[in-house]
Amino acid sequence: MSQSQFQSNCSAESLQIAASKVIAGNLVAFPTETVYGLGADACNADAIARIYAVKGRPADHPLIVHISAMDRMGDWAKEIPTYAIALARDFWPGPMTLILPRTELAQDFITGGQESVGIRVPDHVVARGLLQAFEKLGGKGIAAPSANRFGQVSPTTAKAVDQEIGEYLDPRDLILDGGACEVGVESTIIDCTGDAPRILRPGAITEQMIRISTDISELKNSGNDIRVSGSLENHYAPSAKIFLDVTAQAGQGLIALADIPTPPGVIRLSAPATAQEFAHLLYESLRKADTDAVAEVVVIQPKGDGIAVAIRDRLARAANGR
Ligand code: TXA
Ligand code: MG
């Protein structure tokens, strides 16, 4: 159980308190529409160092800076290409992170020493309220990685945040409870430092949506010359061993769309009706396997494009284990 305070009431007053805590250099975990983030003042080196300590994350993995609105992009990024403006207009607030050339505000402790910075305007009433209150107090941006220990499954509920990192927080930190995250998988990360967008991490904003928004039909291939911790081969991994697209045996867990039946003796962990619901339930289902000591989990992956691409991306890494 955590030592930090647990705020299930996200009233204007508690958001005000949370914003003051961030300004004072404390950590505040908060819900976004994708997953819960572990937030700190993006201009405060000591607070950022605590994020890395709490997550157990290597210091060269950069953090995403969250802002309340697109018109604050210029604080953090420069030389913003036209196609990135189009993406920001179309999909912010929303589950999308843009990688752009940094300004001096984005120091090495945020970018991992890279010349680019990741920026996102989240779409969640609590995240937006927190950011607005923080900016009113003079804050420029809240850096927030997913609120899990490095390499583990991202939390999509406040309880999961507490289970992941509660013991590493201190009493002045805070976990804001805004219910279960709608999307359930992390934001689409798009590298906007070249002459065409390049997807670094698939998410709810899909390749087709990016093509239509930017009017660029040829996206760049996602090479691996930029450090994205989420692109490590093994990440998003629960304790349970994950098997993809095989028939589940008695004693194993099963995550599959609702129209796929549960074989005898198999523990059904979730039965979503759509790919969207699949994403929404995925991380909680993996957590449930661990809580219920289910050692092996079979996942029948949704086919096709859209959010299914992001689901298969995370599952491929989860299946690689730790
Ligand atoms: O949905 C999300 O994006 C969530 C919520 C909380 O906003 N955040 C999240 O953060 O997933 P994190 O740190 O767990 O994953 C962000 C990824 C990391 O793999 C990081 O390496 C990459 O974004 N990243 C951040 N800044 C970058 C940059 N300048 N260049 C390349 N990759 C960057
Ligand atoms: Mg993460």
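Residues numbered from 1 in each chain as written. Chains lettered and ligands numbered in written order. Predicted model: local features only at pLDDT ≥ 70, side-chain atom pairs only at ≥ 80, totals over all residues. Heavy atoms only, no water.

Reports often express the size of an interface as the amount of accessible area lost when the parts come together. Segmentation of the chain into domains returns domain 1 (5–214) and domain 2 (241–319). Computed over C-alpha atoms, the centres of domain 1 and domain 2 are 27 Å apart. The interface is formed by 21 residues belonging to domain 1 together with 13 residues belonging to domain 2. Roughly 1,300 Å² is buried in total at the junction of domain 1 and domain 2, and carbon and sulfur atoms are behind 58% of that figure. Among the residues domain 1 hides against domain 2, the three largest losses belong to Val 153, Val 185 and Pro 202. Together they make up 37% of the total. At the boundary of domain 1 and domain 2, one finds two salt bridges. Between Arg 314 and Glu 186 there is a salt bridge, with the nearest N and O atoms lying 2.8 Å from each other. (Domains from an automatic or database assignment. Contact = heavy atoms within 4.5 Å. Buried area = accessible area lost by both parts, 1.4 Å probe. Salt bridge = Lys/Arg side-chain N within 4 Å of Asp/Glu carboxyl O.)

Further remarks concern the UniProt feature "domain: YrdC-like" (unreviewed entry) in the chain. In the numbering used here, UniProt assigns the feature "domain: YrdC-like" (unreviewed entry) to residues 12–205. Note that residues 12–205 is 31% helix and 18% strand, and that its end C-alpha atoms are spaced 30 Å apart. (UniProt positions renumbered as here; feature names shortened; annotations may be inferred. Helix = DSSP H or I, 4+ residues; strand = E, 2+ residues; numbered from the N terminus.)

Attention shifts here to helix 8 (residues 207–214). Within helix 8, burial applies to Ile 210, Ser 213 and Thr 214. Burial along helix 8 is one-sided: seen end-on, the buried residues are contained in an arc of 85°. Facing away from the buried surface of helix 8 by more than 90 degrees, the exposed residues are Gln 208 and Ile 212. Phi turns positive, to about 65°, at Asp 215, one or two residues after helix 8. (Buried < 20%, exposed > 50% of the residue type's maximum accessible area, 1.4 Å probe, protein only. Arc of directions from axis to C-beta.)

Two side chains bearing opposite charge may form a pair once their charged atoms approach each other closely. Scanning all chains against the criterion turns up 16 salt bridges. Measuring nitrogen to oxygen at the nearest pair gives 3.0 Å for the salt bridge that ties Arg 72 to Glu 135. Pair noted here: Arg 72 is in the loop between strand 4 (64–66) and helix 3 (73–76) and Glu 135 is in helix 6 (residues 125–136), with a separation of 63 residues, a long-range link. Among the salt bridges present, the one from Arg 211 reaches Glu 207, with a minimum N-O distance of 2.6 Å. Taken as a pair, Arg 211 and Glu 207 lie in helix 8 at a separation of four residues, close to a single helical turn.

Helix 6 packs onto helix 1 (residues 12–23) with a crossing angle of 55° between their chain directions and a minimal axis gap of 8 Å. What the angle tells us is that helix 1 and helix 6 run oblique. Handedness of the crossing formed by helix 1 with helix 6: right-handed. When helix 1 is examined against helix 6, the residues Leu 15, Gln 16, Ala 18, Ala 19, Val 22 and Ile 23 are found in contact with a partner set consisting of Val 126, Gly 129, Leu 130, Ala 133 and Phe 134. (Axes fitted to C-alpha atoms, helices over the stretch in contact; angles between N-to-C directions. Parallel < 35°, antiparallel > 145°, perpendicular 65-115°, else oblique. Left-handed = near helix turned anticlockwise from the far one by under 90°.)

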